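Coordinates in review
In case you want the letters, here they are:
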Amino acid sequence: MSYPKFLIAFPLVTFLLITSCKNDDDSVDQPDQPTPVSTPLSAFDEFNPDAVTISFDGDEITIESNGLPNHTSPYWEETNPLYIEPVVATRMTPGGIGSRSIIVTVPAAPAIASSSTATGLGPIGISVTGVPIFNDQEGDNRPIEEMIVETFDYAGAHVGPSGYHYHTESADVPENTVLSHDDEKLIGIMADGFLLYGRREMDGSYPTDLDESGGHYGATQHSEGEEFYHYHIINEFYLGTIIALFAVDLQGTPNNIM
Ligand SMILES: [Zn+2]
Ligand SMILES: [Zn+2]
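Bear in mind the structure is a predicted one, so any value in this text is a computation, not a measurement. (Residues numbered from 1 in each chain as written. Chains lettered and ligands numbered in written order. Predicted model: local features only at pLDDT ≥ 70, side-chain atom pairs only at ≥ 80, totals over all residues. Heavy atoms only, no water.)

**With respect to unusual backbone geometry**
Look at Asp182: it is not a glycine, yet its phi comes out positive at around 50°. Relative to the assigned elements, Asp182 resides in the loop between β10 (163–166) and β11 (186–190). If you check the backbone angles, Glu224 has positive phi at about 50° while not being a glycine. Of note, Glu224 is situated in the loop between β13 (215–218) and β14 (228–232). Look at Glu224 and you get exposed, because its relative accessible area is 82%. (Helix = DSSP H or I, 4+ residues; strand = E, 2+ residues; numbered from the N terminus. Buried < 20%, exposed > 50% of the residue type's maximum accessible area, 1.4 Å probe, protein only.)

What follows is the structure in structure tokens.
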């Protein structure tokens, strides 16, 4: 979709004028928010091109996925070349991997919001494979528990009413040749536009300065030394046995993942 630029520009100019007028008032206390940094574009090269389409439009980036991962799973139909017998799942949820549309538009330079936001049910991010990222809930007030963990394939995913989705970090099994496990790989992009990386920094160490959302300012393998805010999978076992991908609040402003 594209609108004539002036339709977008005019309200923005008005907004900026109003904002700058307000700033002239010395009584307004401006909190010390760091200037947003653009998300390094080379990170988007990591996304599975068979499933994910990335569109850059000035200040915004749109990520669209058909939800079909580029890795094996027992949740594929048995006729699919990527179908395998279960490796870690001992029980399967009904249904299988199917094509759908998942889309989110985020700012190219996302900002930290004045307050954090809890995530809800449904997609809270889109992973590099194209599969949506879910939080640590399986329903209203129903956190991931042992009975649900049994249904995860090695990718940390299962099928729910809205399709195939990830909850946890993938398992360290020979079948896993694609997904991050206890490393520095990019996991995906969250609804607020910030990138989510694996548990480690690019030098192999565990970050020690993470905020309560697993976020910090730092350089990654994609940013050529430039520091920008990004999340890591928090290196803590959730309910004793699993590593949740993202069981915390978002520090930016969430955009709708449809
Ligand atoms: Zn689920
Ligand atoms: Zn980092």
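Let's pick the thread back up.
**Digging into the coordination of the zinc ion (ligand 2)**
Protein coordination of the zinc ion (ligand 2) is provided by Glu201 (OE), His216 (NE2), His230 (NE2) and His232 (NE2), with donor distances spanning 2.0 to 2.4 Å. One way to put it: the four donor atoms around the zinc ion (ligand 2) meet at angles of 87 to 143°, and that makes the site irregular. (Donors = N, O, S within 2.8 Å, 3.2 Å for Na, K, Ca; no water. Tetrahedral: all angles 85-135°; square planar, octahedral: opposite > 155°, others 65-115°.)

**Some thoughts on the coordination of the zinc ion (ligand 1)**
Around the zinc ion (ligand 1), the donor atoms from the protein are Glu138 (OE), His158 (NE2), His165 (NE2) and His167 (NE2), and they sit 2.0 to 2.2 Å away. Around the zinc ion (ligand 1) sit four donor atoms, and with donor-metal-donor angles ranging over 86 to 160° the site reads as irregular. Taken in chain order, the donor set of the zinc ion (ligand 1) reads E-x19-H-x6-H-x1-H. Here His158 falls in the buried class, since its relative accessible area comes to 1%.

**Side note on the packing of aromatic side chains**
Enumeration over the complete set of coordinates arrives at nine aromatic pairs. Both rings, one in Phe44 and one in Phe56, keep their centres 5.6 Å apart while their planes meet at 80°; by these two values the pair is edge-to-face. Linking Phe44 in the loop between α1 (5–24) and β1 (52–57) with Phe56 in strand β1, this pair joins segments that are 12 residues apart in sequence. Arranged with centres 5.9 Å apart and planes meeting at 90°, the rings of Phe194 and Tyr231 form a pair that is edge-to-face. With Phe194 in the loop between β11 and β12 (195–197) and Tyr231 in strand β14, this residue pair connects regions lying 37 residues apart in the sequence. Members of the aromatic cluster, joined through ring pairs, are Phe194, Tyr217, Tyr229, Tyr231 and Phe246. (Phe/Tyr/Trp six-rings, centres within 6.5 Å; stacked < 30°, edge-to-face > 60°.)

**Digging into the pattern of salt bridges**
If you walk through the whole model with that rule in mind, you get five salt bridges. The salt bridge involving Arg91 is made with Glu150; its shortest N-O contact spans 3.3 Å. With Arg91 in the loop between β2 (60–65) and β3 (102–107) and Glu150 in the loop between α2 (146–149) and β9 (157–160), this residue pair connects regions lying 59 residues apart in the sequence. For Glu150, a relative accessible area of 28% corresponds to the partly exposed category. When the shortest N-O distance is used, the salt bridge between Arg199 and Glu169 registers 2.7 Å. In this pair, Arg199 is assigned in the loop between β12 and β13 and Glu169 in the loop between β10 and β11, connecting sequence segments 30 residues apart. Take Glu169: its relative accessible area is 9%, and that puts it in the buried class. Here the salt bridges do not stand alone but share partners, grouping Glu169, Asp182, Arg199 and Arg200 into one network. (Salt bridge = Lys/Arg side-chain N within 4 Å of Asp/Glu carboxyl O.)

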